[in-house]
Amino acid sequence: MVPARPADRGALHAALAQQDPLIGLRQDDERQETYDSLYGEVQKEVIQQTPAEEFGLAVTFQETTTICVERPAGSGAAAEFIAQGGRSGCAPNRGRPGPG
């Protein structure tokens, strides 16, 4: 992610950190770039629009790079038991993830 004006790097970093602390901003001072961890192209579009609309900061993104792909190594199952109003019961959501 690169601000349209290099002087806006600090303001961009502060604005994005305030917007969503989970995007994992990292600053590369040697390359003069800011890196982030996003979860898809839609989030990338939102992250690009918000600094422009709320702070007047125009940014551009370089090509998206995948850094991690998670795949289950085996099967598993889960059910969640909840208590509500002194009663306990099985929640209707169950799952069985597996490779594939």
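As shown above, the structure is provided for reference.
Quantities reported herein were computed from a predicted structural model and do not represent experimental measurements. (Residues numbered from 1 in each chain as written. Predicted model: local features only at pLDDT ≥ 70, side-chain atom pairs only at ≥ 80, totals over all residues. Heavy atoms only, no water.)

Trainee: Describe the nonpolar core, with residues and values.
Mentor: Judged by nonpolar contacts, Met-1, Leu-12, Ala-15, Leu-16, Ile-23, Leu-25, Ile-47, Leu-57 and Val-59 together constitute the single largest core of 9 residues. Ranked by the residues each element gives to this core, the list is headed by helix H1 (residues 9–19), at 3 residues. In contact with Ile-23, other than residues within four places in its own chain, are Leu-16, Asp-36, Ser-37, Leu-38, Gln-43 and Ile-47. (Core = buried A, V, L, I, M, F, W, Y, C linked by side-chain atoms within 4.5 Å. Buried < 20%, exposed > 50% of the residue type's maximum accessible area, 1.4 Å probe, protein only. Helix = DSSP H or I, 4+ residues; strand = E, 2+ residues; numbered from the N terminus. Contact = heavy atoms within 4.5 Å.)

Trainee: Describe the environment of Gln-19, with residues and values.
Mentor: On the secondary structure map, Gln-19 appears in helix H1. Residues contacting Gln-19, with those up to four places away along its chain left out, are Val-46, Ile-47, Thr-50 and Pro-51.

Trainee: Give me the layout of surface pockets: which residues, what numbers.
Mentor: Counted as a void, the largest pocket has a volume near 640 Å³. Surrounding the largest pocket, 20 residues form its lining, Asp-36, Ser-37, Leu-38, Thr-64 and Thr-65 being those nearest its centre. Listing elements by their share of the lining of the largest pocket, those giving two or more residues are strand E3 (33–35) and helix H2 (41–55). Ranked by the residues each element gives to the lining of the largest pocket, the list is headed by E3, at 3 residues. (1 Å grid on protein atoms, 1.4 Å probe; cavity = no way out; pocket = protein on both sides within 12 Å on 5 of 7 lines; lining within 4 Å. Points joined across faces, edges and corners; volume = space filled by probe spheres on them.)

Trainee: Tell me about the pattern of salt bridges, residues and numbers included.
Mentor: Within this structure, the stated rule accounts for 2 salt bridges. Residue Lys-44 pairs with Glu-41 through a salt bridge whose shortest N-O separation is 3.8 Å. Here Lys-44 pairs with Glu-41, and both are found in helix H2, just 3 residues apart, close to one helical turn. Using a relative accessible area of 13% as the deciding quantity, one classes Lys-44 as buried. Judged by its relative accessible area of 42%, Glu-41 falls in the partly exposed class. (Salt bridge = Lys/Arg side-chain N within 4 Å of Asp/Glu carboxyl O.)

Trainee: Outline H1, listing residues and values.
Mentor: By the burial criterion, the buried members of H1 are Arg-9, Leu-12, Ala-15 and Leu-16. The arc enclosing the buried residues of H1, seen along the axis, measures out at 130°, which places them on a common side. Exposed side chains of H1 directed beyond 90 degrees from the buried face belong to Gly-10 and Gln-18. Residues of H1 that are buried make contact with strand E1 (2–3), strand E2 (26–28), H2 and strand E4 (59–60). (Arc of directions from axis to C-beta.)

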